[in-house]
Amino acid sequence: MSDFEDQAMRKMAGHLSESYSSLATVCLNLPIPVTLPTGTVSNVEVVPAIRRVMAIVEDQPMPEQQQATLFAVCAFWLGAMDIYSLLVREEFDVARAHSAAANILMTEDHLMDITVWLADNQK
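Each value, and the rule that gives it
Residues numbered from 1 in each chain as written. Predicted model: local features only at pLDDT ≥ 70, side-chain atom pairs only at ≥ 80, totals over all residues. Heavy atoms only, no water. Phe/Tyr/Trp six-rings, centres within 6.5 Å; stacked < 30°, edge-to-face > 60°. Helix = DSSP H or I, 4+ residues; strand = E, 2+ residues; numbered from the N terminus. Contact = heavy atoms within 4.5 Å. Axes fitted to C-alpha atoms, helices over the stretch in contact; angles between N-to-C directions. Parallel < 35°, antiparallel > 145°, perpendicular 65-115°, else oblique. Left-handed = near helix turned anticlockwise from the far one by under 90°.

Asker: Can you break down the packing of aromatic side chains residue by residue, with the values?
Answerer: Tallied over the full model, the rule gives 2 aromatic pairs. Measuring from ring centre to ring centre gives 6.4 Å for Phe4 and Phe92, while their planes differ by 85 degrees; the resulting arrangement is edge-to-face. Taken together, the residues Phe4 in helix H1 (residues 3-28) and Phe92 in the loop between helix H3 (64-89) and helix H4 (94-120) connect sequence positions 88 residues apart. On the basis of an interplanar angle of 50 degrees and a centroid distance of 5.8 Å, the ring pair of Tyr20 and Trp77 is categorised as tilted.

The structure is reproduced here in structure tokens:
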């Protein structure tokens, strides 16, 4: 990989990690708290955990819009992780890297929305 590609991959990995940490914090602050693996974790642990959040999001006692937002956070994060995994295994592709970055941006945007809602609705 070129220096640019290495740097892009490091940045993507960092953003994936940061957004996962934010999602773990959000999940702990849901009306019914959900604990995600934290600390030094791998995709083998976090991917199934995020899939589980997607499966139980409708059980959260919050409006449908916030449920959909949390579901979208998980879906965008998983999409970014899938694309990142392809970049690791396959030849680096700029369009694919941009797709991963777009998914990360959507993850972060939706995380902000759900974080604001949670802050506004704390008891």
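Asker: Got a sec to walk through the environment of Met81? Specific residues and values, please.
Answerer: Along the chain, the position of Met81 falls in helix H3. Considered as a pair, Met81 and Ala8 are 73 residues apart in the sequence and their alpha carbons are 14 Å apart. Setting aside anything within four residues of it in sequence, one finds Met81 in contact with Leu16, Asn43 and Val47.

Asker: Give me the lowdown on the packing of helix H2 (residues 43-56) against H3, citing residues and values where you can.
Answerer: As a packed pair, H2 and H3 sit with axes 9 Å apart at the nearest point and diverge in direction by 150 degrees. By the angle class used here, H2 and H3 are roughly antiparallel. As for the relative orientation of H2 and H3, their crossing is left-handed in sense. Between H2, through Asn43, Val46, Val47, Ile50, Arg51, Val53 and Met54, and H3, the contact on the second element is made entirely by Leu70, Phe71, Cys74, Ala75, Trp77, Leu78, Met81 and Ser85.

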